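# Overview (structure and organization)
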Amino acid sequence: MDLINKLLGIDPNYIVIGLIVFFFSLEQIMQSLFSFKKRIYHLFQNVLFQIILVILNIFFVTFQVFSIEWLNENNIGLLYLIELPVWVKLCLSVALYDITAYWIHRGTHKIPLLWRFHRVHHSDTTMDSSTVFRFHPIELILVFGIGNIITAALFGTDVFSMALYYFILYVFFFFEHANLNYPKWLNSTLGLLFVMPDHHRVHHQQEQIYTDSNYADIFIIWDRLFGTFKMMPKEDMKYGLAEFDTDQKQSFLYLIKSPFINIKRIKSDKKTE
């Protein structure tokens, strides 16, 4: 527990900086799965999203922590109805944050208004470790951020377990999005329980049948349980959304305003709403 306390005592921004430096550097010096150009420009465009998020989070994180602590002080949530060892409750809480995120993630693909914001993340046609930053700030704060408060209200999870969840999530996000070659045996071992890069790459495939699958962030078991798990050969993959496949539509300024633009989705060579 002391080790966890020390890890969670590190400023999350330092953790994110360390992870992007580590994975982005590996992408430049090791053989990558896909050959992409203009990596520094791509990194710069995506980092702009993170800068905006950090600024907005100054205000939202305070509200989020206050809300969850208030819920805990009033013993609201299912975990307050049963006695559990500290470690069991901590592990269960992390899993509960993750399964809630799974269902919210599914919702962002199925609800048109939410998809307008979530498609910013899927717009990246040259995915690499910096794609972790390419989320619309409004989505992260008002959808997934509020989702954490809902998780605490339903299950009684606390701020400490949420911090641990995000620490693990950061590692998985960079691991999953990085443009690196990973050994195939990961899929048939750790990949039975946890999300592996080959799982998440399917989620970024252009064809909607694949985009609408593999929603989990940490535990791929949710997709296996709820029938949303899919695999496909890596050599057949094409990232992003066809309607964003131009240089102008890959810019930060276009993407940040894109939820407020009526962009028709290109699907099976047909344009649909």
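Our subject is the structure listed above.
Here is a short report on the structure shown in this document. (Residues numbered from 1 in each chain as written. Predicted model: local features only at pLDDT ≥ 70, side-chain atom pairs only at ≥ 80, totals over all residues. Heavy atoms only, no water.)

The subject of this paragraph is unusual backbone geometry. Positive phi, normally seen in glycine, also occurs at Asn75, with a value near 55°. You can see Asn75 is positioned in the loop between α3 (39-73) and α4 (86-110). In this structure, Asn214 takes a positive phi of about 50° despite not being glycine. Inspection of the secondary structure assignment puts Asn214 in the loop between α10 (208-211) and α11 (221-225). (Helix = DSSP H or I, 4+ residues; strand = E, 2+ residues; numbered from the N terminus.)

What describes two packed helices is the angle between their axes and the distance between those same axes. Put simply, α4 and helix α6 (residues 137-155) touch, their axes get as near as 10 Å, and they point 135° apart. Overall, the two elements α4 and α6 adopt an arrangement that is oblique. In the packing of α4 onto α6, the handedness of the crossing is right-handed. Across the interface between the two elements, Leu96, Tyr97, Thr100, Ala101, Ile104, His105 and Thr108 of α4 pack against Glu139, Val143, Phe144, Gly147, Asn148, Thr151, Ala152 and Phe155 of α6. (Axes fitted to C-alpha atoms, helices over the stretch in contact; angles between N-to-C directions. Parallel < 35°, antiparallel > 145°, perpendicular 65-115°, else oblique. Left-handed = near helix turned anticlockwise from the far one by under 90°. Contact = heavy atoms within 4.5 Å.)

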